[in-house]
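Take a look at the letters that make up each chain.
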Amino acid sequence: MIVILTGAGVSAESGLGTFRDKGGLWSRYDLSEVATPDGFAADPALVHDFYNARRANAAEAEPNAAHRALARLEAEADEDVLIVTQNIDDLHERAGSRSVIHMHGELFRTLCAACGARWDAAPALSTADACPQCRAAAVRPDVVWFGEMPYHMERIVEALERARLFVSIGTSGSVYPAAGFVAEAKAFGAATLELNLEPSDGATGFDAGRYGPASEVVPAWVN
Ligand SMILES: CC(C)NC(=O)[C@H](Cc1c[nH]c2ccccc12)NC(=O)[C@H](CCCC/N=C(/NCCC(=O)O)S[C@H]1O[C@H](COP(=O)(O)OP(=O)(O)OC[C@H]2O[C@@H](n3cnc4c(N)ncnc43)[C@H](O)[C@@H]2O)[C@@H](O)[C@H]1O)NC(=O)OCc1ccccc1
């Protein structure tokens, strides 16, 4: 089995901003205000504006050659290929990938913070929205904020245990628990490879690395 961890760098060439690069999201927004439960409690309208803008961008974006190459790998490989993405966009699925785990949630999904109901997001959410199930005005984007438990951790750890090869693509390796997956995969005996624009914070933890734009290094690796 091949387990592939992706981050914002794989969607950068589709026009979706990364977080920590120059001009990235965290240089324009305060992470604690827009990506934490406390920030949402303090100013839900600000948080909705932040995700509404990202939802509009993602809706206009198109998968790039890196997304398409990974979909091809899944279709042609004679072993299981699982994408574990930190991204909340749907570009992997729009490129044709079927086996995708969104460990930090999905931009196009909505969550009721009162009853836990989930449904497909409208283009723009607001504080006036009410849950279709419990009518509570506790509607939030279905994304994992800092301090919240990522989704599908059991399935992810099971996959890391089975992995022959762990590949990390377009992530800075600065946020946990995702940044710890390479060490876990290695401990379970997997070979490890980093594909990134430049060496990430965790580069030394990989057996090998290939550096350059994802739209070039990912198709080159898949072929
Ligand atoms: C800041 C950091 C130190 N803080 C954390 O890690 C925290 C706290 C923490 C937990 N454990 C720790 C251990 C040590 C220290 C801190 C912690 N973690 C949490 O709070 C997590 C929840 C974190 C999730 C937060 N939500 C996100 N996103 C969703 C929302 C949204 O999207 O708005 S995080 C967000 O930032 C993270 C990093 O972003 P990247 O994708 O890597 O993007 P970045 O910009 O940083 O880097 C881009 C990279 O791409 C490269 N690149 C750029 N262009 C290209 C290109 N063209 N081609 C190729 N590569 C390219 C660049 O060179 C660069 O390397 C991603 O995970 C992303 O999803 N929850 C949790 O721990 O719960 C409890 C728990 C307990 C037990 C077991 C499990 C959990």
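These notes cover the structure that comes with them. (Residues numbered from 1 in each chain as written. Predicted model: local features only at pLDDT ≥ 70, side-chain atom pairs only at ≥ 80, totals over all residues. Heavy atoms only, no water.)

**Focus on the site of the ligand**
- Around the ligand sit 34 residues, and of these Arg54, Gln86, Gly147, Thr171 and Ser172 come closest.
- Between the ligand and Ala8, the relevant distance is 2.8 Å, taken from an oxygen atom to a main-chain nitrogen or oxygen of the residue.
- One nitrogen or oxygen atom from the main chain of Arg20 is found 2.8 Å from an oxygen atom belonging to the ligand.
- For the ligand, whose unbound accessible area comes to 1,500 Å², protein coverage reaches 77%. (Near = heavy atom within 4 Å. Polar contact = N/O pair within 3.5 Å; in protein donor to acceptor, adjacent residues only side chain to side chain. Areas by Shrake-Rupley, 256 points an atom, 1.4 Å probe, with all protein chains shown as cover.)

**Looking at the nonpolar core**
- One finds Ile4, Leu70, Val167, Ile169, Leu195, Val218 and Trp221 to be the most contacted residues of the largest nonpolar core, which totals 20 residues.
- The set of elements that each furnish at least two residues to this core consists of strand 1 (2-6), helix 5 (65-76), strand 2 (81-85), strand 7 (165-169), strand 8 (191-196) and helix 9 (214-222).
- It is helix 9 that contributes the most residues to this core, five residues altogether.
- In this structure, Val218 is in contact with Ala66, Ala69, Leu70, Ile169 and Leu195, ignoring residues within four places of it in sequence. (Core = buried A, V, L, I, M, F, W, Y, C linked by side-chain atoms within 4.5 Å. Buried < 20%, exposed > 50% of the residue type's maximum accessible area, 1.4 Å probe, protein only. Helix = DSSP H or I, 4+ residues; strand = E, 2+ residues; numbered from the N terminus. Contact = heavy atoms within 4.5 Å.)

**Considerations on the pattern of salt bridges**
- Counted according to the given criterion, the structure contains eight salt bridges.
- In this structure, Arg109 and Asp120 form a salt bridge, with 2.8 Å as the shortest nitrogen-oxygen distance. With Arg109 in strand 4 (residues 105-112) and Asp120 in strand 5 (residues 118-120), this residue pair connects regions lying 11 residues apart in the sequence.
- Overall, the relative accessible area of 24% leaves Arg109 in the partly exposed class.
- A network of salt bridges, in which partner residues are shared, links Glu62, Asp90 and Arg94. (Salt bridge = Lys/Arg side-chain N within 4 Å of Asp/Glu carboxyl O.)

Remember that the coordinates give geometry; whether it matters functionally is a separate question.
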